[in-house]
Amino acid sequence: MKYIIAKSVFLSLFAFLILSCKSNYTQEEKLGENQKEWALVIHGGAGVITRKLMTSERDSAYRKVLTRALETGEKVLSEGGSAIDAVEKTIHVMEKSVHVMLAGEGASDFAVEQGLEQVDPSYFYTDHRYRQLTEAINREKNGTVGCCALDKDGNLAAGTSTGGMTNKKYNRIGDAPVIGAGTYANNSSCAVSATGHGEYFIRWTVAHDISALMEYGEMSLYEAANLVINDKLVKAGGTGGVVSLDKYGNIAMPFNTEGMFRGFVDSDGDRAVHIYKDE
Ligand code: ASP
């Protein structure tokens, strides 16, 4: 018996979603040769991220943050914690609701009830981001973090948190909280967290498409994720990428932008943090 728990919070400036599935592994699958005990992938947004536009200080600061995020989830999973806890702890927003999605004032009230820190909109202002806004209106780079985890019980979870697109209309809802678009987890296939131009990820139901290609098209995670991000989405004109994990702990992190902040760690001791396309 498989069931899905899906919860999300959508705030005007901040969206977050966690989706997880209960295990439906057979013992054989669990003992499969390539089965990893646990695994974790993260992203910190995709976009116009090139070595030319980066200072060495910012490069190493980004790598430090990605490494810290990986270590947070790694601790939970290696100690036998659940995938959903690992995702929550890694991307920092707690959620407790029976609903799938909350928006507008309801979401704000819910955030207050849950004791989330409230900040003035000016909190989100930085000179660097303001410059990017004025220089590159409509670029997709933003304050995003996403994570997928596989735990020791064989459960997959995915979560995505975003500030949305640069220069978006107020009350615009992106793909992060839309199940099957920017975030999806299914124990029979994979967990996916996306970053990029959300309107395309919603219209092309990107995260679910990857899962469906695996479930019904019998593709591997790598084939499915690459087909959707580097073929279907490119032809549609959509920019961005995903981090994803299958039920064995295999990892795929394709993106069609110049860079994507990303990293992974697993129970075999493999780990890495990358930023640019050529890494
Ligand atoms: N996918 C997000 C959105 O469209 C942007 C991001 O954080 O990558 O809202």
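Residues numbered from 1 in each chain as written. Predicted model: local features only at pLDDT ≥ 70, side-chain atom pairs only at ≥ 80, totals over all residues. Heavy atoms only, no water.

A. Spatial organisation of the packing of helix α7 (residues 206-215) against helix α8 (residues 221-236). Close contact between α7 and α8 brings their axes to 8 Å; oriented N to C, the two are set at 135°. Regarding the angle of α7 to α8, the classification is oblique. Once α7 is placed against α8, the crossing between them reads as right-handed. Of α8, the residues touching α7 (which contributes V206, D209, I210, L213 and M214) are L221, A224, A225, L227, V228, I229, K232 and L233. Along the lines of polarity and charge, the residues of the contact of α7 with α8 split into 11 nonpolar, no polar and 2 charged. (Axes fitted to C-alpha atoms, helices over the stretch in contact; angles between N-to-C directions. Helix = DSSP H or I, 4+ residues; strand = E, 2+ residues; numbered from the N terminus. Parallel < 35°, antiparallel > 145°, perpendicular 65-115°, else oblique. Left-handed = near helix turned anticlockwise from the far one by under 90°. Contact = heavy atoms within 4.5 Å. Nonpolar A, V, L, I, M, F, W, Y, C, P; charged D, E, K, R; others polar.)

B. Just the sheet that holds strand β8 (residues 240-246), in detail. Strand order in the open sheet formed by 4 strands is β6-β7-β8-β9, and the pairing between neighbours is antiparallel. Pairing within the sheet leaves two strands with one partner each, and these edge strands are β6 (183-185) and β9 (251-252). Two elements, β6 and strand β7 (residues 190-196), share 3 bridges in a ladder whose sense is antiparallel. In the strand pairing of β7, A185 is matched with A191. Each of β6, β7 and β8 touches α7; the most contacted strand, β7, lies at about 145° to it. (Pairing = 2+ DSSP bridges.)

C. Broad picture of the environment of T183. Structurally, T183 is set in strand β6. Among the residues examined, T183 registers a relative accessible area of 0% and is labelled buried. In the structure, T183 is positioned 61 residues away from S244 in sequence and 9.9 Å away in space, judged by C-alpha atoms. Reaching out from T183, the side chain makes a polar contact with the backbone oxygen of A176 at a distance of 2.7 Å. (Buried < 20%, exposed > 50% of the residue type's maximum accessible area, 1.4 Å probe, protein only. Polar contact = N/O pair within 3.5 Å; in protein donor to acceptor, adjacent residues only side chain to side chain.)

D. Expanded view of the nonpolar core. Residues L40 and A149 are the most contacted members of the largest nonpolar core, which totals 23 residues. Looking at this core, the elements that each hand over two or more residues are β3 (39-47), α2 (56-78), α3 (83-91), β4 (145-150), β10 (259-266) and β11 (271-276). Every residue in contact with A149, bar those within four places of it in the chain, is listed here: A39, L40, L77, A83, A86, V87, N155, L156, A157 and L245. (Core = buried A, V, L, I, M, F, W, Y, C linked by side-chain atoms within 4.5 Å.)

E. View of the packing of aromatic side chains. With the rule as written, the count across this model stands at 2 aromatic pairs. Arranged with centres 4.2 Å apart and planes meeting at 35°, the rings of Y62 and F261 form a pair that is tilted. Residue Y62 is located in helix α2, and its partner F261 is located in strand β10; the two are separated by 199 residues in the primary sequence. Among the residues examined, Y62 registers a relative accessible area of 24% and is labelled partly exposed. Their ring planes at 25° and their centres at 5.9 Å tell us that Y200 and W204 sit as a pair that is stacked. (Phe/Tyr/Trp six-rings, centres within 6.5 Å; stacked < 30°, edge-to-face > 60°.)

F. Spotlight on a nonpolar patch on the surface. Taken together, V100, M101, I173 and I179 make up a surface patch of nonpolar side chains, about 280 Å² in accessible area. Within the secondary structure, I179 sits in the loop between β5 (156-162) and β6. Accessibility expressed as a relative area gives 34% for I179, which makes it partly exposed. (Patch = residues over 30% accessible without salt bridge, like charges linked within 9 Å, V, L, I, M, F, W, Y side chains within 5 Å. Areas by Shrake-Rupley, 256 points an atom, 1.4 Å probe, with all protein chains shown as cover. Salt bridge = Lys/Arg side-chain N within 4 Å of Asp/Glu carboxyl O.)

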